[in-house]
Amino acid sequence: MANVLYTNVRIFDGSGEHPYLGEVLIQGNRIRRVARGTRSIPMNGNTVIDGAGATLMPGLCDAHTHLSWNNAPSLEALITLPPEEHTLYAADVAKIYLDHGFTMCVGAAAAKPRLDVVIRNAINKGQIPGPRYLANCPEITTIGGLGHAHPPHIAHEGLNFGLVVNGPEEVRRTVRTMIGYGVDLIKLNLSGEELTNVGAEESPMSEEECVMAVREAKRRGRRLCAHARSAESVKMCIRHGIEIIYHASFADEEALDLLEANKDKHFVAPGLAWLIRISNHAGEWGITPEKARSMGYHRELEIAIETAKKMKRRGIRVLPGGDYGFAWTPHGTYARDFEYFVELLGFTPMEVLVAATKTGGAIMGAPGELGQVKEGYLADLILVDGDPLSNIKILQDKKRILSVMKDGEFFRAPEANRPGLRVAV
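Described below are features of the structure shown in this document.

Conventions adopted
- Residues numbered from 1 in each chain as written.
- Predicted model: local features only at pLDDT ≥ 70, side-chain atom pairs only at ≥ 80, totals over all residues.
- Heavy atoms only, no water.
- Helix = DSSP H or I, 4+ residues; strand = E, 2+ residues; numbered from the N terminus.
- Rg over C-alpha atoms; globule rule 2.2 N^0.38 Å.
- Buried < 20%, exposed > 50% of the residue type's maximum accessible area, 1.4 Å probe, protein only.
- Pairing = 2+ DSSP bridges.
- Axes fitted to C-alpha atoms, helices over the stretch in contact; angles between N-to-C directions.
- Contact = heavy atoms within 4.5 Å.
- 1 Å grid on protein atoms, 1.4 Å probe; cavity = no way out; pocket = protein on both sides within 12 Å on 5 of 7 lines; lining within 4 Å.
- Points joined across faces, edges and corners; volume = space filled by probe spheres on them.
- Nonpolar A, V, L, I, M, F, W, Y, C, P; charged D, E, K, R; others polar.
- Salt bridge = Lys/Arg side-chain N within 4 Å of Asp/Glu carboxyl O.
- Polar contact = N/O pair within 3.5 Å; in protein donor to acceptor, adjacent residues only side chain to side chain.

## Quick word on the overall build of the protein
Here is step 1: Secondary structure assignment for the protein yields 12 helices and 18 strands.
Here is step 2: Here the C-alpha radius of gyration of the protein, 21 Å, is about what a compact globule of 425 residues would show, namely 22 Å.
Here is step 3: Principal axes of the C-alpha set define a box for the protein whose edges measure 70 × 40 × 40 Å.
Here is step 4: Taking all 425 residues of the protein together, the buried fraction comes to 59%.

Right under this line is the structure:
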């Protein structure tokens, strides 16, 4: 495509610095020049987008993404779609993420072994639109752990929510198989979940099984993440170098001390949206607030909020990503996380947007190329009608996202006839 020049835009560059009026020149798939003020960069030969003061900022990152979660009301219902329909569904979700301004997504588990890989490959080949994506495997769990779901009288692995292992050798085989399928990440279920038969404060996977998974993944250059709500499961992540920690609701002071001492090695995505929505907004699917309270979710939500606040104060990298894709956390509502971080965790809008952009580039494994409006970085940009630093909720309104660019190409170009915007070639 032709070079693109954004002019008269308010640049939020992702660094944490205050936004400024300026211009950004895109050549190919890279940001070639960033300038303060207007009329600093020659317009000749460029497609010029006069943003009329709209905010130009890096594309957003969701650190806990499930492209193949199908807005289902139970864990088991996530796996019942036939693979053909499930692939099409996941492709649609990839498009939804991009359409809402999320150009970076960290896969947090797939519903079927190759679903994430197939979607990632199709995105990278340009066959379907979608964010930059780290593909994951289904959650690896133990007998009796979160994801071991088949009924006793029908012992069929296809009825399990996760890949069920028993002992280090089965872990080795499963991790090697998933790597053979082409995943970027390996997901371990180190703790339970109150919605299931194993509690959130339980840690069913053994030390030996965890060590084997980490050893086999790192031998092949793969990264790991874990469902880790319990204090012990968080400590296992730190002891064994599991980089991405999901939830960490019940991390105790010892776990927080360990996290703080290793804060440059780990990322935490607490997934608050899941806890908030199942606690208060799942009555339509049989989980009334009273039932959620009896299950322990209200208690966990209160503890998880306080734990995340402590992590923020200790300088631990906490990122948005709310476990979207369940009936009560439907796809397309991803930016609710930003509001939750501000209203519940004490993040400023600046802090949560840096977490969703600059720190997002780091969790994607490309801190020098993604997550900032900076010369030499990849051109993943969104143009926003208004100032998210003044009103973080505007990112929840897709209409306020005027354009989405990924890798220097418009997924959604700004409307030339929109009042206040001007596009000229």
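## Concerning unusual backbone geometry
Here is step 1: Although it is not a glycine, Arg-39 sits at a positive phi angle of roughly 60°.
Here is step 2: Locating Arg-39 in the fold gives a position in the loop between β3 (30–36) and β4 (47–50).
Here is step 3: Of the residues examined, Arg-39 reaches a relative accessible area of 71% and is grouped as exposed.

## Some remarks on the sheet that holds strand β8 (residues 132–134)
Here is step 1: Across the sheet, 3 strands lie side by side as β6-β7-β8; this open sheet has parallel pairing. At either margin of the open sheet sits one strand with a lone partner, and together these are β6 (60–65) and β8. Within the sheet, the average angular offset between the axes of one strand and its neighbour, ignoring direction, is 15°.
Here is step 2: Bridge count for β6 against strand β7 (residues 102–107) is 4 bridges, and the pairing is parallel. Bridging across to β7, Thr-65 finds its partner in Gly-107.
Here is step 3: The strands touched by helix α1 (residues 83–99) within the sheet are β6 and β7, with β7 carrying the most contacts at an inclination of about 130°.

## A closer look at the environment of Leu-81
Here is step 1: Along the chain, Leu-81 falls in the loop between β6 and α1.
Here is step 2: When its relative accessible area of 25% is taken as the criterion, Leu-81 is described as partly exposed.
Here is step 3: As a C-alpha pair, Leu-81 and Gly-182 span 101 residues in sequence and 22 Å in three-dimensional space.

## Structural notes on the layout of surface pockets
Here is step 1: Computed from the structure, the second largest pocket encloses a volume of approximately 330 Å³.
Here is step 2: What lines the second largest pocket is a set of 15 residues, among which Arg-317, Glu-351, Val-354, Ala-355 and Thr-359 lie closest to the centre.
Here is step 3: Going through the elements one at a time, α11 (349–356) and α12 (358–363) are the ones with two or more residues in the lining of the second largest pocket.
Here is step 4: Here the residues of the lining of the second largest pocket are counted per class, giving 8 nonpolar, 3 polar and 4 charged.

## Notes on the pattern of salt bridges
Here is step 1: For the structure on display, the rule yields 29 salt bridges.
Here is step 2: With a closest N to O distance of 2.9 Å, Glu-254 and Lys-235 form a salt bridge. Residue Glu-254 is found in helix α6 (residues 253–261), and its partner Lys-235 is found in helix α5 (residues 231–240); the two are separated by 19 residues along the sequence.
Here is step 3: With relative accessibility at 8%, the residue Lys-235 sits in the buried group.
Here is step 4: Of the charged contacts in the structure, one is a salt bridge between Glu-339 and Lys-393, with a shortest N-O distance of 3.7 Å. Placement of the pair is Glu-339 in helix α10 (residues 336–345) and Lys-393 in the loop between β15 (381–384) and β16 (401–406), with a sequence separation of 54 residues.

## Notes on empty space enclosed by the protein
Here is step 1: Enumeration over the complete set of coordinates arrives at 1 cavity of 30 Å³ or more.
Here is step 2: Quantified by volume, the largest cavity comes out at close to 110 Å³.
Here is step 3: Taken together, 14 residues make up the lining of the largest cavity; nearest its centre are Leu-75, Glu-139, His-227, Asp-323 and Phe-326.
Here is step 4: Of the residues contributing to the lining of the largest cavity, the split by class is 6 nonpolar, 4 polar and 4 charged.

## Section: the side chain of Arg-277
Here is step 1: Structurally, the position occupied by Arg-277 is in helix α7 (residues 272–280).
Here is step 2: At a separation of 3.2 Å, a polar atom in the side chain of Arg-277 contacts the main-chain carbonyl oxygen of Trp-328.
Here is step 3: Look past the residues within four positions of Arg-277 in its chain and what remains in contact with it is Ala-282, Trp-328, Thr-329, Arg-336 and Tyr-340.

## Here we look at the environment of Gly-158
Here is step 1: Mapped onto the secondary structure, Gly-158 falls in the loop between β9 (140–142) and β10 (163–165).
Here is step 2: Residue classification places Gly-158 among the partly exposed positions, given a relative accessible area of 43%.
Here is step 3: For the pair Gly-158 and Ala-200, spaced 42 residues apart in sequence, the C-alpha separation works out to 24 Å.

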